[in-house]
Amino acid sequence: MKFTKMHGLGNDYIYVNCLKAPLPNPQETAKTVSDRHFGIGADGLILIQPSEKADFEMAMYNADGSRAEMCGNGIRCVAKYVYDYGLTDKTDITIETLAGVKRLHLTVEGEDASLRPQPQPALSQGRGKVSLVKVDMGAPELTPSKIPVIAPGGQAVGAPLEVNGKTYEMTCVSMGNPHCVIFMEEDVRELDLEKIGPSFERHPNFPNRTNTEFVNIIDRQTLRMRVWERGSGETLACGTGACAVAVAAMLNQKAASEVTVRLLGGDLKISWQGTGTPVYMTGPAATVFEGEVCL
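Residues numbered from 1 in each chain as written. Predicted model: local features only at pLDDT ≥ 70, side-chain atom pairs only at ≥ 80, totals over all residues. Heavy atoms only, no water.

Attention now moves to the nonpolar core. The biggest cluster of nonpolar side chains holds 59 residues, and the ones touching the most others in it are Leu104, Met225 and Ile270. Of the residues forming this core, the biggest block, 9 residues, is contributed by helix H4 (residues 239-251). Contact partners of Met225, with chain neighbours within four places excluded, come to Glu213, Phe214, Val215, Cys238, Gly241, Ala242, Val245, Val261, Arg262, Leu263 and Leu264. Of all hydrophobic cores here, the second largest spans 21 residues; its members include Ala151, Leu161, Leu193 and Trp228. (Core = buried A, V, L, I, M, F, W, Y, C linked by side-chain atoms within 4.5 Å. Buried < 20%, exposed > 50% of the residue type's maximum accessible area, 1.4 Å probe, protein only. Helix = DSSP H or I, 4+ residues; strand = E, 2+ residues; numbered from the N terminus. Contact = heavy atoms within 4.5 Å.)

Printed below as a string of structure tokens:
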């Protein structure tokens, strides 16, 4: 299997071009290639597939083999992949996901507009490469039953949640996948996430499990977060999580409509104008290396 390893702020995945032929048994493949000791090493596997609804389709699998609806860092890398490898010459593209079709704008550095890409297995030469991607992530879902989370009322904003004998205030948001946001006075950099993360992920109040973000408010324009991702554990960054954190901070009157979210792997710019409007996420994407692995 030929692959490309890419990352968005250290949230790394194995990318496979499946435009001409599907990859058999992607669940088991995801577990095999994600292993950081016996495989390639990644937070999961992302397949780039043909779509009848959009320019491309992204199929994402977590490191444990489970299928995920959406990945903010992953979709930015898909955009970089299809442009840098000459699969498109457009800088505004659409990508189908299990969370719907997403629209993306690509920032290309060193671009020569007179050059047009040709599909080829190697990175296109002599043309600009994508450095930054802005994603229309769609409007956040705030209705508890649709996130899903078991919580009273029309929204789970500042709702109590008991975990391991301690009561937290959670704000729950779906960005196509479920998120539980916990604002903390304690420095999140000091948290023992390996200990508490699994208890949130598999809490009975989350029927489909959940991603959990632990957040410090630095100021109204700056948030710091760590994330425990459903099916992968702690990762250096989570794009949908950063969007959920920004929405949750705004719902709780803790942040302005445009914020910088600081993750372990770097910063993302998030903007949201309120209920019913889309969340916009802007951040980098990077290629690490190409290779071939025997499965």
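Alright, that's what it looks like, and here's the rest.
Take the pattern of salt bridges next. Evaluation of the coordinates by the stated rule reveals 11 salt bridges. Notably, a salt bridge pairs Lys5 with Asp12, separated by 3.2 Å at the nearest N-O pair. In this structure Lys5 comes out as buried when scored by relative accessible area, which is 11%. Using a relative accessible area of 7% as the deciding quantity, one classes Asp12 as buried. Members of the salt-bridge network, linked through shared partners, are Lys5, Asp12, Arg36 and Asp43. (Salt bridge = Lys/Arg side-chain N within 4 Å of Asp/Glu carboxyl O.)

Let's shift gears to helix H2 (residues 72-84). The end-to-end C-alpha distance of H2, which contains 13 residues, comes to 19 Å, matching closely the 18 Å that a straight helix rising 1.5 Å per residue would cover. The buried fraction of H2 is high, at 13 of 13 residues. Remark: Gly86 follows H2 within two positions and exhibits a positive phi of approximately 75°. (Expected span 1.5 Å × (residues − 1).)

All we've got here are geometric facts, nothing functional implied.
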